[in-house]
Amino acid sequence: MKRILIIAGVLALGACAESAPEAEPAVEAVEEEAATDWSAWVGSYDIAYDDGGEAALTIADGGTYEFVTGDETRTGTVEMGDGGAICYTNDDGETPTECWINSAAAEDGSWRSTSDQGETVTVSRVAADAETEA
């Protein structure tokens, strides 16, 4: 389950492989409660673990996600956290929120994402053409 949240975080952060949208600091309490525009993050991502494991993350407009690894599927909400972190909260109500920080994109467009627990994964955005053809 921890792996799922980590992967989801990594994928979300790397949604824009060339440049991730920056979180805008809230100036007033009202702005802090306003919904984040997730349109730049909407899409599908492949996640690769250092141990060879794989997962898929999909982020929907409105700040929801679906994370699939093997025969396990998790859903939840995603929010911008402190310092540009992307935080995932599982719908199960039991799993603690997990936040991820993305590195700069590599030459191939992938990036490394590191969780607040120290786990690191490689994230690649699935090409938009492949999503529409499937």
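Residues numbered from 1 in each chain as written. Predicted model: local features only at pLDDT ≥ 70, side-chain atom pairs only at ≥ 80, totals over all residues. Heavy atoms only, no water.

Caption draft 1: View of the state of the cysteines. Scanning the entire structure with this criterion turns up one disulfide. Disulfide pairing places cysteine 87 opposite cysteine 99 at an S-S distance of 1.9 Å. Between cysteine 87 and cysteine 99 the sulfur-sulfur dihedral comes to about 110°; the bridge is accordingly right-handed. Remark: cysteine 99 occurs in strand S6 (residues 98-102) and cysteine 87 occurs in strand S5 (residues 86-90); sequence separation between them is twelve residues. Assessed through its relative accessible area of 9%, cysteine 87 is described here as buried. (Disulfide = S-S within 2.5 Å. Helix = DSSP H or I, 4+ residues; strand = E, 2+ residues; numbered from the N terminus. Buried < 20%, exposed > 50% of the residue type's maximum accessible area, 1.4 Å probe, protein only.)

Caption draft 2: Here's a closer look at the sheet that holds strand S7 (residues 111-115). With antiparallel pairing, eight strands are arranged side by side around a closed barrel as S1-S2-S3-S4-S5-S6-S7-S8. Taking the axes of each pair of neighbouring strands and ignoring which way they run, one obtains an average angle of 30° across the sheet. Both strand S2 (residues 54-60) and strand S3 (residues 64-69) contribute to a ladder of five bridges, which runs antiparallel. Bridge pairing links isoleucine 59 to tyrosine 65 in S3. (Pairing = 2+ DSSP bridges. Axes fitted to C-alpha atoms, helices over the stretch in contact; angles between N-to-C directions.)

Caption draft 3: Quick look at the pairing of strand S1 (residues 43-49). The buried count for S1 comes to five of seven residues, which makes it a mostly enclosed element. Strand direction decides the pairing type here: S1 and S2, joined by six bridges, are antiparallel. Bridging from a neighbouring strand, serine 44 pairs with threonine 58 of S2. The turn linking S1 back onto S2 is made up of four residues, and glycine 52 within it adopts a positive phi angle of 100°. In terms of strand pairing, S1 meets strand S8 (residues 120-125) through five bridges, oriented antiparallel. Among the inter-strand pairings, alanine 48 is bridged to a residue of S8, identified as threonine 122.

Caption draft 4: Representation of the environment of glycine 83 within the structure. Secondary-structure assignment places glycine 83 in the loop between strand S4 (72-80) and S5. Relative accessible area serves as the criterion here: at 78%, glycine 83 is assigned to the exposed category. Measuring from C-alpha to C-alpha, the distance between glycine 83 and isoleucine 101 comes to 8.4 Å, with 18 residues separating the pair along the chain.

Caption draft 5: Region of the structure containing the pattern of salt bridges. Scanning the entire structure with this criterion turns up three salt bridges. Of the charged contacts, one joins glutamate 72 and arginine 74 as a salt bridge, the two residues approaching to 2.3 Å between their closest N and O atoms. Aspartate 92 is paired through a salt bridge with arginine 74; the nearest N and O atoms lie 3.9 Å apart. In this pair, aspartate 92 sits in the loop between S5 and S6 while arginine 74 sits in strand S4, placing the two residues 18 residues apart along the sequence. Look at the salt bridges and you will find they share partners, linking Glu72, Arg74 and Asp92 into a network. (Salt bridge = Lys/Arg side-chain N within 4 Å of Asp/Glu carboxyl O.)

Caption draft 6: Quick look at the confidence of the model for the protein. Predicted confidence across the protein gives a mean pLDDT of 78, with 68% of residues reaching 70 or more. Counting interchain partners and residues more than four positions distant, the pLDDT-below-50 stretch residues 11-34 has 53 contacts. Scored below 50 in pLDDT, residues 130-134 shows three contacts in the model against residues more than four places distant or in partner chains. (pLDDT = per-residue confidence, 0-100. Contact = heavy atoms within 4.5 Å.)

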